[in-house]
Every structure is written in C-alpha cells, then in structure tokens.
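Architecture at a glance
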Amino acid sequence: MAGSKKLVVVAVSAAALAILILTLSSLASHRQSSKGREGIVATGPLISRGYTEAPAGTVVVSGNPEAGGSVLLELRITDGQKVKKDDIIAVLSNYPTADVSVHEAEAGLAKTKQQRDAMVSGYRASQVGMQEIEVRTAEEETKLKTIQLQRTDGPPDQKQLEVNISQQKLERQKAKLRVMKETLATDLAQIETEITIVQTKLDNALATREEALVRSPINGIVVQIYTRQGERVSGNGIAKVVDLSQMRVITDIDDLHFSRVALGGKVEVTFRGNARIYTGKISRIVPVVRRLKRSQADMGEGNVNLVGIEIELDETTGIPQVLTREVRVTFL
C-alpha cells in the first residue's frame with residue numbers, strides 16, 4: 001500500500017515537472033522572439049510591395065430598382081468602355097410606361113396653354129374689346145344727347161327723362177363690360193391653376209421616367225458589369241465605374257517601421273514589368289493595425305502587425321491604367 005502511494009506521488013511530481021519545463025520553454029521562446037523584434041535595426045531604405053487601386057474614384061452604379069423597375073430592360077455599356085458623367089448606361093423596366101405618361105402630360109399641358117392663349121388673345125378677348133367700343137360709343141351718344149336737349153325747347157322734365165334714359169343705357173353697357181372682364185379674369189385664373197396642376201403632373205412623370213434611366217455619376221471606365229440585359233438587378237448593382245485619374249498605390253508596412261513614415265513623405269514607385277520610376281507622396285495612413293498570420297519559420301513569430309499606407313503619385317500620365325497592378329514602393 002505504501003509502495004503504491006509513492007508511485008502516485010512520483011507520477012504527479014513528474015507531470016508537474018514536465019508542465020513547468022514546457023511553460024519555461026514557452027516563456028523563453030516568447031522572450032527571444034520579442035527581443036528579436038525589438039532588436040531589429042532599420043538599415044537602408046524601407047521597401048514594400050503593393051498594388052494600384054482607386055478607392056475614392058470607384059462607384060458601383062445600381063440606379064433605383066424600386067422606382068425605376070427591377071429588371072434591366074436595356075444595357076448601353078460594355079466592359080472597358082469610357083463613360084462621362086450623366087451618360088445613360090442602362091434603362092430599367094418601368095421606362096416604357098413612364099415615357100407614355102410623360103407624352104400624355106406634355107399633350108395635356110400644350111392643350112391647356114392653347115386654351116389660355118385663346119382667352120387672352122382670341123375670341124373672348126375680342127368680345128371684351130368690342131364691348132369697350134360699345135361703352136365708348138354710348139358715352140359719346142349720352143354727351144351728344146345732353147347737348148342737343150339743352151338747345152331745344154321743351155318741358156324740362158321731358159328733357160331730363162331723355163337724359164336719364166341715355167345714361168341708363170350707358171350704365172348697362174358699362175355693367176356688361178365689367179361682367180365680361182370679371183368672367184374672363186376668373187376663367188384665366190382657373191386655367192392658370194389647371195396649367196399648374198398639369199405641369200406638376202408632367203414634372204412627376206419626368207421624374208418617374210428619369211428613375212428608370214441609370215446614369216453614370218462620374219467620368220470613368222466600366223471595369224465590371226454585374227447585371228446583363230433581361231436580368232433582375234441584384235444587390236451587387238449594375239456596373240462598377242472607376243475614375244482612373246484618382247488611382248492610388250495601396251501598400252502595407254510592418255508596424256515596427258511606423259516611425260519611418262509620415263503624411264506627405266516622399267516615395268518612389270515602380271510597376272512590375274516597367275523600369276520607369278514614378279515619384280509620389282504618402283496621402284493617407286490607416287490608423288488601424290492589421291494582424292496577419294505568418295509561418296513559424298519567419299523569425300520564429302506567429303503573426304505580424306501591418307499598417308496600411310495610401311500613396312498619391314505626383315504624375316499620373318503614362319502610368320499603366322490598370323487596377324490591382326503590382327508595384328514596388330521605396331520610402332525615401
């Protein structure tokens with residue numbers, strides 16, 4: 001019994017000793033790894049590899065499938081085609097119906113405006129003009145009648161009666177003219193309201209039709225088409241358009257070298273397969289450290305911490321107009 005207890009104690013002690021040895025070995029390896037990274041001394045230029053991208057000049061065009069229609073009726077672009085801002089690149093399925101509504105509203109507006117013009121310069125206006133002549137004629141007749149009665153003999157009451165009759169005739173003509181003008185003004189106000197309503201209808205129809213026209217929001221090149229004619233527009237959109245004039249170089253550096261870079265810092269860039277050297281500057285440093293797993297054979301480390309760098313070239317003419325082109329960056 002005592003012998004078995006001793007064997008158990010010896011076994012437990014051996015296991016504890018093994019765990020202790022593994023722990024110490026792991027700590028030593030970690031310290032050696034840390035010392036190795038801390039002991040790295042930067043010598044020579046800082047060099048990294050990257051690729052070309054245009055993050056600020058890339059747009060995925062999708063239009064408005066809810067308002068313009070969910071099916072692509074017509075595709076007006078091809079891969080690699082250059083497009084200008086506001087160029088129509090696709091037509092959605094609601095376009096035919098919206099186009100008919102636009103033509104109907106345009107016809108209604110033209111008809112209503114013709115009716116207004118007829119009121120202003122047509123038959124109604126002629127009637128008012130003729131009535132104004134009638135009023136002026138009645139005024140002259142009343143004046144003449146008054147003068148004639150003053151020069152003739154006769155009972156004063158009879159003279160006054162004839163003057164009153166002439167004056168009443170004039171007042172009737174004036175009242176008729178006033179009613180005609182008021183009626184015309186009322187009708188003009190009503191038709192102006194109708195024009196406003198039809199114009200609003202036309203504006204809405206134009207806006208609906210415009211929703212069915214997918215336009216490019218920028219000047220650029222079509223680099224990828226996601227939806228073809230007759231297909232339903234998915235969440236990926238219709239096409240990707242890139243303004244290559246906003247092309248940048250994207251690269252990463254180890255965070256150990258973070259102190260060697262700064263905004264505005266000068267760099268030299270060479271494209272794969274091209275010996276020409278292009279100059280540029282650091283336009284953006286991503287304020288996030290990205291951890292990347294590496295092989296244990298790389299200096300005995302399991303991961304590396306990377307910082308993203310965006311570079312703007314001083315001269316874009318002559319550079320390869322290709323995205324994701326591999327480049328070599330030398331930080332000066």
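In this text the structure is predicted, and so the values were computed from the model without any measurement.

A few words on the sheet that holds strand β8 (residues 239–242). The four strands lie next to each other as β2-β8-β7-β4, forming an open sheet whose pairing is antiparallel. Looking along the sheet, the strands with just one partner apiece sit at the ends: β2 (58–61) and β4 (82–83). Summarising the sheet, β2 and β8 pair through four bridges and their orientation is antiparallel. Paired with Val 61 across the two strands is Ala 239, which belongs to β8.

With that settled, the discussion passes to the packing of aromatic side chains. Aromatic ring pairs are described here by two measures, namely the spacing of the ring centres and the angle between the planes. The final tally for this structure, using the stated rule, is one aromatic pair. Ring centres 5.5 Å apart and planes at 90° place the aromatic pair Phe 271 and Tyr 278 in the edge-to-face group. With relative accessibility at 3%, the residue Tyr 278 sits in the buried group.

What follows deals with the pattern of salt bridges. The final tally for this structure, using the stated rule, is 13 salt bridges. In this structure, Arg 116 engages Asp 117 in a salt bridge whose closest nitrogen and oxygen atoms are separated by 3.7 Å. Taking the relative accessible area as the measure of exposure, Arg 116 reaches 22% and is therefore partly exposed. Residue classification places Asp 117 among the partly exposed positions, given a relative accessible area of 40%. The shortest N-O distance in the salt bridge between Arg 276 and Glu 315 comes to 3.6 Å. A residue pair is termed long-range when its members are at least 10 positions apart, and Arg 276 in the loop between β10 (266–271) and β11 (277–293) and Glu 315 in the loop between β12 (303–313) and β13 (326–331) qualify at 39 residues.

Turning to its location among the elements, Lys 159 is positioned in helix α5 (residues 156–211). Using a relative accessible area of 21% as the deciding quantity, one classes Lys 159 as partly exposed. Spatially, the C-alpha atoms of Lys 159 and Lys 145 are 9.6 Å apart, while their sequence positions differ by 14 residues.

Here is what the cut-offs are and how they apply
- Residues numbered from 1 in each chain as written.
- Predicted model: local features only at pLDDT ≥ 70, side-chain atom pairs only at ≥ 80, totals over all residues.
- Heavy atoms only, no water.
- Pairing = 2+ DSSP bridges.
- Helix = DSSP H or I, 4+ residues; strand = E, 2+ residues; numbered from the N terminus.
- Phe/Tyr/Trp six-rings, centres within 6.5 Å; stacked < 30°, edge-to-face > 60°.
- Buried < 20%, exposed > 50% of the residue type's maximum accessible area, 1.4 Å probe, protein only.
- Salt bridge = Lys/Arg side-chain N within 4 Å of Asp/Glu carboxyl O.

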